[in-house]
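If you want the building blocks of each chain, they are given just below.
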Amino acid sequence: MNTIFAAKKEPALLWALTHGMAFRSSTGSASHVPFSLSPSQISPERFHTLQDAGELMAMLIDNLSRQDHILDAAISPIVAHDPLFAALLEMHRQLYQSTTPPPRVPLLILRSDFLDDSDFGTTLVEANSIAAGMGPFGQLTHQLHQHLQQRPAAPELGLTSSLVENPAIERLATAIAAATMNIKQAFNDQDPPRFLMVVQPDEDNVFDQFLLEQALQQRGIDTLRRTFSELQGQLSTGPQQRLMLAGVGSLDTVYLRSGYQYDDYSSPSSSADLMAIRVFIERHRVAVSATVSQQLASSKRMQMLLSQLPASALTQFGLSQDQAAMVKPLLGEIIAVNEQSIAKVKADPSATWVLKDQREGGGHCLFDTDIITKLAQLSSEEYPAWLLMRRLHPRPANAPAYIVRHGKLEVIDDLVAEIGIFNVWYDGQPCPLEPAPPLNTPDITDSMPANQAPRRPNAHPSFAGYLVRSKSAQTTEAGVHSGRGVLDSLMFSFPS
């Protein structure tokens, strides 16, 4: 075990705990989130490719979320065997088939997760529009590596280049605060601006959420937390379709960190009652992230259907011909489950494919021989609720990586990084984000030839930071919650 990394483990662990890089393990206790001791390397060109990709995915999803009939036709075939999407489509129909369009203002906070495939390049793993979290953890990991870079032995840790700035907390908070104030000013009432986060019961990822709430509070926004069950019977309608919360007053922004799984709507009385809450919210003049239509637009089902379209057809979703040509290869190869594809999988090595259902989060993908086993268990009526994605094979890092998990130092010889890019759109436009405050990171242009200097952040107006989750190339699940992933950050690499 490398003695330099072993010596840095304890100080890094203390830094992480004192700055809130933790999951709640029980009432009154917490444990640190697994993290890497040094950042993954990335070229400036590839990072800007990811920023371009994130910007275009946000534009695509935002425009697609306004195509009500397309969403309805796309999701209808899977509802018979997917209770969550059956519920989402019913909510969607209640909203868009109404004689009065829903007055909520869409606030799209999108995290587009990418892997760099060794053959196909940058490829979208999935797009997350609901509960697209861990941006604050992404910034903290960057700051941890920045802290280590300023300590002795930084060269031995590999911290020899410019870290890629990650202003996720500041930019996400700036976007949400701007949306909140926009709604607030439209009503011109005397209540303070208010932000409601809808959370899961007994949530363990409260620290990541609290970091965002804290940043909003610093911007003068009152923040509240409620589960769907706690909102039951507590919401009402004020003047001019104002959303009101009993005992509190008016609400300006509703941010869902719950609602992406069917269990989120379960209650002792009826899940339909909790689903009605979400419809009720969208029938008011309030900023909402994510809307039901955004959730449908960013679903795996829609990703599959979009991947099968020619680039020219993507222009119907607000992209130019050049933008559509850039987006097309990002979507990867995804095919529907049917008799033909099942035969194709059986004839092809099973390691070529990943079998997925529609659920979000880690732990829902099947690989190798598990694919054949599962396919044999499915009836033909269940096929539409599943899909097959071409398996990605990213190139691992050249050097061993040291990570901290459960307080212990581990070595990973084949680390690969999944990079999530955050973008924010508000009411159909890129959300105007203030330039991020300096994070004491050296200007990258100081260490680059003039003709290699990267573009400035204003080239990507909706960019709101990034999240890196790294894992062994042999591990199928990159999730920090449900898999073997660890929090990571990025450092620029330059040609020698």
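The structure presented is a predicted model; accordingly, all values stated were derived computationally and were not measured.

Looking at helix α2 (residues 44-64)
- Across its 21 residues, α2 extends 30 Å between first and last C-alpha, which sits within 8% of the 30 Å expected from 1.5 Å per residue.
- Among the 21 residues of α2, 18 are classified as buried, and the element is accordingly described as predominantly covered.

So, the pattern of salt bridges
- Enumeration over the complete set of coordinates arrives at 21 salt bridges.
- Put simply, K184 and D189 hold a salt bridge, and the shortest N to O gap is 1.9 Å.
- Since its relative accessible area comes to 7%, K184 is described here as buried.
- Owing to a relative accessible area of 26%, D189 belongs among the partly exposed residues under this scheme.
- Salt bridges sharing partners connect three or more residues here, namely R111, D113, E418 and R469.

Here's the deal with the sheet that holds strand β11 (residues 249-251)
- Taking strand neighbours across the sheet as the criterion, the three strands line up as β9-β10-β11 in an open arrangement whose pairing is antiparallel. Where the open sheet ends on each side, the last strands, each with one partner, are β9 (235-238) and β11. Put simply, the sheet's adjacent strands are angled 45° from each other on average, direction ignored.
- Examined bridge by bridge, β9 and strand β10 (residues 242-245) share four bridges and lie antiparallel to one another. Opposite T237, over in β10, you have L243 as the bridge partner.

Here we look at the environment of L274
- Positionally, L274 belongs in helix α9 (residues 271-282).
- Residue classification places L274 among the buried positions, given a relative accessible area of 0%.
- Once the C-alpha coordinates of L274 and L366 are considered, the two residues, 92 residues apart in sequence, prove to be 31 Å apart.

Quick look at the packing of α2 against helix α12 (residues 321-330)
- Interhelical geometry of α2 versus α12 gives an angle of 100° and a closest axis separation of 10 Å. Regarding the angle of α2 to α12, the classification is roughly perpendicular. Of the residues in α12, those touching α2 at D52, A53, L56, M57, M59 and L60 are Q323, M326, V327 and L330.
- The residue inventory of the contact of α2 with α12, partitioned by class, reads eight nonpolar, one polar and one charged.

A closer look at the environment of T160
- Among the structural elements, T160 can be located in the loop between α5 (135-149) and α6 (168-187).
- The sequence separation of T160 and A53 amounts to 107 residues, and the corresponding C-alpha distance is 28 Å.
- T160 has contacts with P155 and M491, leaving out every residue within four places of it along the chain.

So, the side chain of R194
- Positionally, R194 belongs in strand β7 (residues 194-198).
- A distance of 3.2 Å separates polar atoms of two side chains, one belonging to R194 and the other to D191.
- In contact with R194, not counting residues within four places along its chain, are T180, I221, D222, L224, V248, G249, S250, L251, D252 and T253.

How each quantity is defined
Residues numbered from 1 in each chain as written. Predicted model: local features only at pLDDT ≥ 70, side-chain atom pairs only at ≥ 80, totals over all residues. Heavy atoms only, no water. Helix = DSSP H or I, 4+ residues; strand = E, 2+ residues; numbered from the N terminus. Expected span 1.5 Å × (residues − 1). Buried < 20%, exposed > 50% of the residue type's maximum accessible area, 1.4 Å probe, protein only. Salt bridge = Lys/Arg side-chain N within 4 Å of Asp/Glu carboxyl O. Pairing = 2+ DSSP bridges. Axes fitted to C-alpha atoms, helices over the stretch in contact; angles between N-to-C directions. Parallel < 35°, antiparallel > 145°, perpendicular 65-115°, else oblique. Contact = heavy atoms within 4.5 Å. Nonpolar A, V, L, I, M, F, W, Y, C, P; charged D, E, K, R; others polar. Polar contact = N/O pair within 3.5 Å; in protein donor to acceptor, adjacent residues only side chain to side chain.

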